[in-house]
Amino acid sequence: VVGRSIDAVVELGAVGMAMRRVPAGITAPTLYAHATSSGGGSDASADIVAALRSAATATGGIAVTPAAVPGGLLPPSSLFSIIRRHPSTPGVVLAEYDGEYIDPFHGSAYDSGVDAVDAPRMARAAAALARALATMSLGGGSGDKAGGAAVAVAVAGAVDDAAVAATVAELVQCLIDPSIGFECALGRRLFTASAKFPTRYTGVVPGLLDDIQHPLGKSDMQRFVWNFLGNATAAGNSSRRACAGFDVGG
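Residues numbered from 1 in each chain as written. Predicted model: local features only at pLDDT ≥ 70, side-chain atom pairs only at ≥ 80, totals over all residues. Heavy atoms only, no water.

Section: the state of the cysteines
Covalent bonding between the sulfur atoms of two cysteines defines a disulfide.
Turning to step 1, where the next piece is worked out: Tallied over the entire structure, the rule returns one disulfide.
Turning to step 2, where the next piece is worked out: Here Cys174 engages in a disulfide with Cys184; their sulfurs sit 2.0 Å apart. Because the sign of the S-S torsion sets the handedness, a value of about 105° for the bond joining Cys174 and Cys184 places this disulfide among the right-handed ones. Of the two residues, Cys174 is situated in helix α5 (residues 161-175) and Cys184 in the loop between α5 and α6 (185-190); the sequence distance between them amounts to 10 residues. The two residues Cys174 and Cys184 agree in class, both being buried. (Disulfide = S-S within 2.5 Å. Helix = DSSP H or I, 4+ residues; strand = E, 2+ residues; numbered from the N terminus. Buried < 20%, exposed > 50% of the residue type's maximum accessible area, 1.4 Å probe, protein only.)

Some points on the side chain of Glu96
Turning to step 1, where the next piece is worked out: Relative to the assigned elements, Glu96 resides in the loop between β4 (91-95) and α3 (119-137).
Turning to step 2, where the next piece is worked out: Taking the relative accessible area as the measure of exposure, Glu96 reaches 2% and is therefore buried.
Turning to step 3, where the next piece is worked out: Only 2.8 Å separates the side chain of Glu96 from the side chain of Arg121, close enough to count as a polar contact.
Turning to step 4, where the next piece is worked out: In this structure Glu96 touches Ala14, Val15, Gly16, Met17, Pro29, Thr30, Leu31, Tyr32, Ile102 and Arg121, once residues within four positions along its chain are discounted. (Polar contact = N/O pair within 3.5 Å; in protein donor to acceptor, adjacent residues only side chain to side chain. Contact = heavy atoms within 4.5 Å.)

Here we look at the packing of aromatic side chains
Turning to step 1, where the next piece is worked out: All chains considered together, the criterion is met by four aromatic pairs.
Turning to step 2, where the next piece is worked out: Relative to Phe228, the ring of Phe224 lies with its centre 6.2 Å away and its plane at 5°, an arrangement referred to as stacked. One end of the pair is Phe224 and the other is Phe228, both in helix α7 (residues 220-233) and four residues apart, which spans about a single turn.
Turning to step 3, where the next piece is worked out: A connected cluster of aromatic rings, assembled from ring pairs, spans Phe182, Phe191, Phe224 and Phe228. (Phe/Tyr/Trp six-rings, centres within 6.5 Å; stacked < 30°, edge-to-face > 60°.)

Quick notes on α3
Turning to step 1, where the next piece is worked out: End to end, α3 covers 26 Å across 19 residues, agreeing with the expected 27 Å (1.5 Å per residue, within 8%).
Turning to step 2, where the next piece is worked out: Every buried residue of α3 is accounted for by Arg121, Met122, Ala123, Ala125, Ala127, Ala128, Leu129, Arg131, Ala132 and Ala134. (Expected span 1.5 Å × (residues − 1).)

Examining the layout of surface pockets
In this approach the atoms are scanned with a rolling probe the size of a water molecule, which exposes any empty space left behind.
Turning to step 1, where the next piece is worked out: The volume enclosed by the largest pocket comes to roughly 2100 Å³.
Turning to step 2, where the next piece is worked out: Considering the residues around the largest pocket, the lining is formed by 45 residues, among which Leu12, Gly13, Met122, Leu171 and Leu175 are closest to the centre.
Turning to step 3, where the next piece is worked out: Listed by contribution, the elements that provide at least two residues to the lining of the largest pocket are β1 (9-12), α3, α5 and α7.
Turning to step 4, where the next piece is worked out: Among the elements that line the lining of the largest pocket, the one with the most residues is α5, at seven residues. (1 Å grid on protein atoms, 1.4 Å probe; cavity = no way out; pocket = protein on both sides within 12 Å on 5 of 7 lines; lining within 4 Å. Points joined across faces, edges and corners; volume = space filled by probe spheres on them.)

Observations regarding the environment of Gly107
Turning to step 1, where the next piece is worked out: Relative to the helices and strands, Gly107 is located in the loop between β4 and α3.
Turning to step 2, where the next piece is worked out: For Gly107, a relative accessible area of 68% corresponds to the exposed category.
Turning to step 3, where the next piece is worked out: Distance from Gly107 to Ala14, taken between C-alpha atoms, is 9.9 Å for residues 93 residues apart in sequence.

Comments concerning the pattern of salt bridges
Turning to step 1, where the next piece is worked out: Throughout the structure, instances matching the rule amount to five salt bridges.
Turning to step 2, where the next piece is worked out: Here Arg131 and Asp161 are joined by a salt bridge, their closest N and O atoms 2.6 Å apart. With a gap of 30 residues between them, Arg131 in helix α3 and Asp161 in helix α5 connect regions that are remote in the sequence.
Turning to step 3, where the next piece is worked out: According to the relative accessible area criterion, Asp161 is partly exposed, its value standing at 33%.
Turning to step 4, where the next piece is worked out: Put simply, Glu96, Asp118 and Arg121 are held in one network by salt bridges that share partners. (Salt bridge = Lys/Arg side-chain N within 4 Å of Asp/Glu carboxyl O.)

Rendered as structure tokens:
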């Protein structure tokens, strides 16, 4: 992001845990929006939370509420890395806990497998997030872009809940189910994995070779994410060709 500005950050924390892991007394986990509250980003963060709450209502089956943690304290997240350098950057971390983790197995050796997650609820969270991001990025309600509100409403309304649910179910197979792993249909379409179920730590790719598909210096997870996002965001009429003037070695 060198030379670029970041308008805001929305990060997903612990979301979509299976109900069997939720403590008694919590019938339907809520998505808590932990927002920055210092510097010039406080009002913008409130706008993000409002957009997320509206999108959750439009999606149905999920709720977003502002976290009650005093002082705008944030849960462990990569947002810290950004606000450490730019404290006024507005940001929100979505998680299924308010002041403390509600999953007793979070981060442990038992925090794994398909039994640990609720794929339909993850899909509803993803659909709500997509609607909120469309509204915010396209200027819905901001008035600073001509026709932005109308475009935002149209794009947010075009989010296909069934397609989101199908994609989440497919990703659960590839990334969470150790009996399938990268032998899933999606994984086989995207790349040739070195192992069926290697580490799920994404890490950071320090650089790219001229052949961006070459496995040297990249884990299976990094290659999967690269190819999945490339295919998911490609234009319908796109073709494979090198980008003129793009230094893939940097």
